[in-house]
Every structure is written in C-alpha cells, then in structure tokens.
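Commentary on secondary and tertiary structure
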Amino acid sequence: MKNLIRTCGIGLLAFMGILSSCSDEDYQSPDDLSVNSSVVHKEVPDFVATLSPQQRENLEKTGEIFLPEQRKDSWNDIIAEDVPTRWGVFNSPFKTQTRAAGIWGSYPAQYWTMIRLKTATLDSRLRDAINAAVDEIETNTNVRFYNSQNDPKYYEPGHIEYPNVYICYSDGNNEGSGSFGLVGGEQQIRVPAEFADRNLYTDEEVVGFLMHALCNAAGMFNEQQRKDRDSYVDIYLNNVKSGCTFQFAKQDKNYTMLGNFDYNSITLASSQAYSKNGYNTITKKGGGLIARNYHLSALDKSFLNNFYLPYIARTDLWIKLDKVVFYNDRILTESERLQLQRQMNEQRGLYGEPPASGDIQRQPW
C-alpha cells in the first residue's frame, strides 16, 4: 500500500525547519478576504510535500532521497524511561536510538509518538477544520496528536528545539506545503488564506486537504510514489508544474509498502493535480480518470495502524493507551489492551495502573 518514511536517529538535533519560519504576522484577517456570493467555486489546491535540505541533496546527487547507508533497524528499542509521551518523541534527544525502524541519516525523518501540533493565528474556519481532521484520523487510526500550542520552544538543558507540525497561512503560494515524517524542529504546513472563504471551498475539501498534509507528516509518501505504480497508473510529467515533479517520483529504496495500490487513498493525486496546463498529470491504466479523495481509505487506516500506538498524553512517565487500539485490522480486546499497556510500563519499572491524575486533557486548537 503506502510508502512510509521510517527513520530512527537524532531528528531533534536538526535545528533547521523544512521551510522558512511562518509567524503570527503572516496571519491574514478574514476581514481582508472578500466574501462574494457570486464567486465561482474554485478547484481545491494541491498539497505539496517538500524535502529536507539533506533529502534534496541526496536526490540531486543520486536520484534517491535516502542513501543505502541511511538504514538502521531498531525495532526492539522501547520508549526511554526518562521521556514523557507528551514530547511526541520516542527517546531523549541526547540518545540516538528510537523505537521506529528504517532510515538513518544526518537529517532523518521518523515516526512520532504523538504528533505535536500547533498553529499560527488562524481564522475560526481553519481551526474548526484542523480539529475535524484530527478527529477523523484519531477516530480511525492509532495516530494521536498533542496540542503543543503553549509549550516552550526549547527543551532545557541542552537548548534543543522541540519538534512541531506548525500550521500557518501560505505566503502567497497557492499550494500548501509540508514534510514527510518527523524531521525535527518546526516543520510547517502552509495553507492558502483563501480557505477561510466558504464560497470558494467546501468544508470537506479543506478538511481533506489537511488530512492529506497530516498523513504526510505522519510519514506516508503519496500513493503515486509507490515503486509498483506503473502497473496501475500512467504519469504525464510534461504536464506537471515546475517544482512539483517530485510528487510523482517513485520511491524504490528505503520504503515500506503494504497492500495493493489504493485508488481511494487520501494521498493519491487526482488526474489534474499539479497540472501546469489543465491537462491530465495522472490517469488509471487505460485512461480512466482519478477523482480527488477527501477521506481516509481502509488501506490508509490499516497502514497507519501498523506503525502507531494510541498514546494518551501524560505529565508523568507512565504509558497509557487509549481505549481503542487497532492491531492487524481489528480492535484489541480490553484485556489485550491492558496487557500490552502493563507490559510496556513494566519494561520501565512501573507496576500497576497509570494514575488518572497524570492524564493531560487536550484542548482544541
């Protein structure tokens, strides 16, 4: 199914963001957006996931975003004893091992424990859409989000920048932008300010756009980047905008692929996505058109559930799992969930049940 960036390493030690900083000054008041009932509904913009500087360098030199030596298998590692799950990381920034398996490099991406999410000052419609996107992902998968809005920027001692997915308005570029996996520091998802205008985009389109971005941030490549995609789709790179060809670049090294090609994936490009001339950029084999998907497919859900556990944010070192834990396309029984939770805590010398007083009640964004 999906290709997933799976890395382990010292992603927290990478201080540069994927894109330039986007501060609250980038906020565009909805009062500045002309709301005209006569405006024709616009095609929802394409989400563009970007590469880190190290990934771009690898691509330019070798044609691959990850080098063969950037692999390190560490499936047997567990969450460090000194790191609360609220950090959204598997290990202390002073250590090099994580629970995730995959690529090893100087500027790696990796899984999150919980995706740390914060926003710039956004229109209320965008905030509602973010909460709806988070809710759909959390309801259907093991992925969990932590509201890091009021957290400090750096971990002390060490002055190490916390990783965060930071949602803000774009700076004039119509496309959104973001990153694959956890790359360290602030990694931005830029959304068009026009999303605040209900006459231009439906709620479903805005929420779907954000879910695509958050799935990429969780580590998923786009469906059309699968190494076997040529058996299912035809790509027309001559019609693709400059700077967007990577969205169709096959990943045939250092990837994870589960299940069959998924025409229903929220990450799959629609037939005219990234088009520079209005012609198709991707079609099904035989010429069939591909519609834009706005919800997680069954295979999207299954894929994410293979690589995440539904942690509840806490103020202490106890591990607590949410009531619903997906495993092998089924939900663990209550006794199975508690047994898994107990085993994980006993590995760090904690016995019994996590005290309810340690739970963090997440506030909406």
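Residues numbered from 1 in each chain as written. Predicted model: local features only at pLDDT ≥ 70, side-chain atom pairs only at ≥ 80, totals over all residues. Heavy atoms only, no water.

1. Observations regarding the confidence of the model for the protein
Averaged over all residues, the pLDDT of the protein equals 75, while 68% of them reach at least 70. Low pLDDT, under 50, characterises residues 68-86; the stretch is placed with 74 contacts to residues that sit more than four places away or in other chains. Below pLDDT 50 for its whole length, residues 89-109 participates in 106 contacts with residues either more than four positions away or in separate chains. (pLDDT = per-residue confidence, 0-100. Contact = heavy atoms within 4.5 Å.)

2. Here's the deal with the packing of aromatic side chains
Aromatic ring pairs are defined here through the distance separating the ring centres and the angle between the ring planes. Per the stated rule, a full pass over the model turns up six aromatic pairs. Aromatic pair F261 and Y263: ring centres 5.2 Å apart, planes at 65°, arrangement edge-to-face. An aromatic cluster of at least three residues, connected via ring pairs, comprises F195, Y201 and F209. Above the face of the Y263 ring, K284 is positioned so that its terminal group lies 5.0 Å from the ring centre. (Phe/Tyr/Trp six-rings, centres within 6.5 Å; stacked < 30°, edge-to-face > 60°. Lys NZ or Arg CZ within 6 Å of the ring centre and 35° of its normal.)

3. Here we look at helix α3 (residues 203-217)
Here α3 spans 21 Å end to end across 15 residues, near enough to the 21 Å set by a 1.5 Å rise per residue. Taking burial as the measure, the 15 residues of α3 include 13 buried ones, the bulk of the element. Directly after α3, the chain includes G219, whose backbone phi takes a positive value near 120°. (Helix = DSSP H or I, 4+ residues; strand = E, 2+ residues; numbered from the N terminus. Expected span 1.5 Å × (residues − 1). Buried < 20%, exposed > 50% of the residue type's maximum accessible area, 1.4 Å probe, protein only.)

4. Quick notes on the packing of helix α2 (residues 124-140) against α3
Relative to each other, α2 and α3 sit at 60°, their axes nearing to 9 Å. When the interaxial angle is binned, α2 and α3 end up oblique. The handedness of the crossing between α2 and α3 comes out as right-handed. Of α3, the residues touching α2 (which contributes R125, L126, A129, I130, A132, A133, V134, E136 and I137) are D203, V206, V207, L210, M211 and L214. Of the residues contributing to the contact of α2 with α3, the split by class is twelve nonpolar, no polar and three charged. (Axes fitted to C-alpha atoms, helices over the stretch in contact; angles between N-to-C directions. Parallel < 35°, antiparallel > 145°, perpendicular 65-115°, else oblique. Left-handed = near helix turned anticlockwise from the far one by under 90°. Nonpolar A, V, L, I, M, F, W, Y, C, P; charged D, E, K, R; others polar.)

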